[in-house]
Amino acid sequence: MTGKHVTPAADLDAFHCPLCGTYAKQQWFRLDISARNTNYQNIVDRNAEFQGSHCSRCEQMAVWFKKQMVYPITSGAPHANGDLPDLVKKDYREADAIAQLSPRGAGALLRLAIQRICKHLGQPGKDLNKDIAALVANGLPKKVQEALDTVRVIGNNCVHPGQMTDFDSPDVVRSLFALVNFIAEKTISDPKAVETIYESLPGTAREAIKRRDNT
């Protein structure tokens, strides 16, 4: 296992599967595709035009043409954080689907996803710079503030949802995917986990804590 996301690539024998999201060993096949026949052979041929990478975890296959993944249609970004609001997940997945063809479009969608996270956290969601300032004033952790400002600056100081910029490149977009999940983890997932643990305490203990805090 690995803690760092490994983007699928044609020269790797293990990466995070684009179909199940798990880091797993990949078995490569040469694909023979014609108008009448489609099959695969257990032959490692890294120079073949068509290849298949078979995931040892989910046992599904990704398809590659000239070392570029053509199925599933994805940038290979990490799966969206499961605690993200549904609209943010939708933006994230759409960005993932178009990132290879349109990094600028994917970048705009990811900045929109960040705006929606800010709105989920109680901000207007219209001006990223102002939203960040308000969240910082409310005690936003410094690392999350740095991540949010990184999104804003990467967008060439874009402050409105969905704005596009020529600065977005495939490398920048990959960073934006990671930042969306990082921000979600620190602002949504971690507090949710703490709340779950706190609520599991005996009622008498929670009442004692409330009395202490009210004194």
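This structure is a prediction, so every number in the text was calculated from the model and none was measured.

**Q** Explain the overall build of the chain to me, using residue names and the numbers behind them.
**A** Counting secondary structure elements, the chain contains six helices and six strands. Going from the N terminus to the C terminus, the chain shows its helices and strands as β-β-β-β-β-β-α-α-α-α-α-α. Put simply, the chain has 215 residues, and 38% of those count as buried. Taking the intrachain contacts of the chain between residues at least 6 apart in sequence as the baseline, contacts between residues at least 24 apart amount to 51%. Of the roughly 12,400 Å² of accessible surface on the chain, 53% is carried by carbon and sulfur atoms.

**Q** Tell me about the nonpolar core, and name the residues and values.
**A** Counting residues in hydrophobic clusters, the biggest one holds 29 residues, and the most contacted among them are Leu110, Ile114, Leu148, Phe177 and Ile183. Elements with a contribution of two residues or more to this core: α1 (86-98), α2 (103-120), α3 (128-137), α4 (142-154) and α5 (170-199). Among the elements that line this core, the one with the most residues is α5, at eight residues. Dropping the residues within four chain positions of it, Ile114 is found in contact with Leu128, Leu148, Val151, Val180 and Ile183. Among the nonpolar cores identified, the runner-up in size contains six residues, and Ala10, Trp28, Ala62 and Trp64 belong to it.

**Q** If you had to explain unusual backbone geometry to someone new, which residues and values would you point to?
**A** Looking along the chain, the bond that leaves Tyr71 and enters Pro72 is cis, with omega of -5°. Positive phi values are uncommon outside glycine, yet Glu59 reaches one of about 60°. By the secondary structure assignment, Glu59 is in the loop between β4 (50-55) and β5 (61-65). With a relative accessible area of 60%, Glu59 lands in the exposed category.

**Q** Would you mind going over α5 in detail, with residue names and values included?
**A** With 30 residues, α5 should reach 44 Å at 1.5 Å per residue; the first-to-last C-alpha distance of 42 Å fits that figure. At Glu185, α5 is bent by approximately 45°, the largest bend along its length.

Reading the values: rules and limits
- Residues numbered from 1 in each chain as written.
- Predicted model: local features only at pLDDT ≥ 70, side-chain atom pairs only at ≥ 80, totals over all residues.
- Heavy atoms only, no water.
- Helix = DSSP H or I, 4+ residues; strand = E, 2+ residues; numbered from the N terminus.
- Buried < 20%, exposed > 50% of the residue type's maximum accessible area, 1.4 Å probe, protein only.
- Contact = heavy atoms within 4.5 Å.
- Areas by Shrake-Rupley, 256 points an atom, 1.4 Å probe, with all protein chains shown as cover.
- Core = buried A, V, L, I, M, F, W, Y, C linked by side-chain atoms within 4.5 Å.
- Expected span 1.5 Å × (residues − 1).
- Bend = angle between axes of the 7 residues up to and from the residue.

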